[in-house]
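# Inside the fold
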Amino acid sequence: MQHGSGILTPRQRRLAWLGFLLAAVQAPVAAKLVSDDSWLFSLCVALMVATVIIADDGARRRPAGASSSD
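Residues numbered from 1 in each chain as written. Predicted model: local features only at pLDDT ≥ 70, side-chain atom pairs only at ≥ 80, totals over all residues. Heavy atoms only, no water.

### Description of the packing of aromatic side chains
Put simply, the rule reads: Any pair of Phe, Tyr and Trp rings, taking the six-membered ring for Trp, is counted once the centres come within 6.5 Å. Such a pair is stacked with planes under 30 degrees apart, edge-to-face with planes over 60 apart, and tilted for the rest. Strands are runs of DSSP state E lasting at least two residues, helices are runs of H or I lasting at least four, and both sets are numbered from the N terminus onward. Each residue is placed in one exposure class: buried if its accessible area under a 1.4 Å probe, protein chains only, is under 20% of its type's maximum, exposed if it is over 50%, and partly exposed if it falls in between.
Across all of its chains, the model carries 1 aromatic pair by this definition. Seen from their ring centres, W17 and F20 are 5.9 Å apart, and the 85° between their planes marks the pair as edge-to-face. Here W17 pairs with F20, and both are found in helix α1 (residues 10-33), just 3 residues apart, close to one helical turn. The class for F20 is partly exposed, based on a relative accessible area of 21%.

Encoded structure:
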């Protein structure tokens, strides 16, 4: 069985993982160092990037001929 291609190219996927890791590490560091709640923005960005990575995983695991409504 062939697997479908994902939403992201392999290079974009690596960059998405890098962005996720950087944002996920930056959020608690900013929460410790900054007195306001601006660290929540980093947390939201990390969650959005994680959502894209999860969607890409789902598209890669779907068989090549399957429709998106299945």
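### Re the environment of A30
With respect to the helices and strands, A30 occurs in helix α1. In the structure, A30 is positioned 12 residues away from S42 in sequence and 8.7 Å away in space, judged by C-alpha atoms.

### Structural notes on the packing of α1 against helix α2 (residues 39-61)
As a reminder, the rule being used: Axes, fitted as lines to C-alpha atoms, cover a helix only where it is in contact. Angles between the N-to-C directions of the axes lie from 0 to 180 degrees. Put simply, angles under 35 degrees are roughly parallel, angles over 145 are roughly antiparallel, angles from 65 to 115 are roughly perpendicular, and the rest are oblique. Note on convention: near helix rotated counterclockwise from far helix by under a right angle means a left-handed crossing. Clockwise means right-handed. Whether two residues are in contact is decided by their heavy atoms, any of which lying within 4.5 Å being enough. For this scheme, ten residues count as nonpolar: Ala, Val, Leu, Ile, Met, Phe, Trp, Tyr, Cys and Pro. Four count as charged, namely Asp, Glu, Lys and Arg, and the remainder, Gly too, count as polar.
Packing of α1 against α2 brings their axes to within 8 Å, and their N-to-C directions diverge by 150°. For the element pair α1 / α2, the angle class is roughly antiparallel. The handedness of the crossing between α1 and α2 is left-handed. Facing P10, R13, A16, W17, F20, A23, A24, Q26, A27, A30 and A31 of α1, the residues of α2 in contact are W39, S42, L43, V45, A46, V49, A50, I53, D56, D57 and R60. Considering only residue class, the contact of α1 with α2 consists of 16 nonpolar, 2 polar and 4 charged.

### Quick notes on α1
This is how the line gets drawn: Any helix carries an expected span of 1.5 Å times its number of residues minus one.
The terminal C-alpha atoms of α1, which comprises 24 residues, lie 35 Å apart, in line with the 34 Å expected from a rise of 1.5 Å per residue. Every buried residue belonging to α1 is among R13, A16, A23, A27 and A30, and all of these are buried. Where α1 is buried, its residues touch α2.

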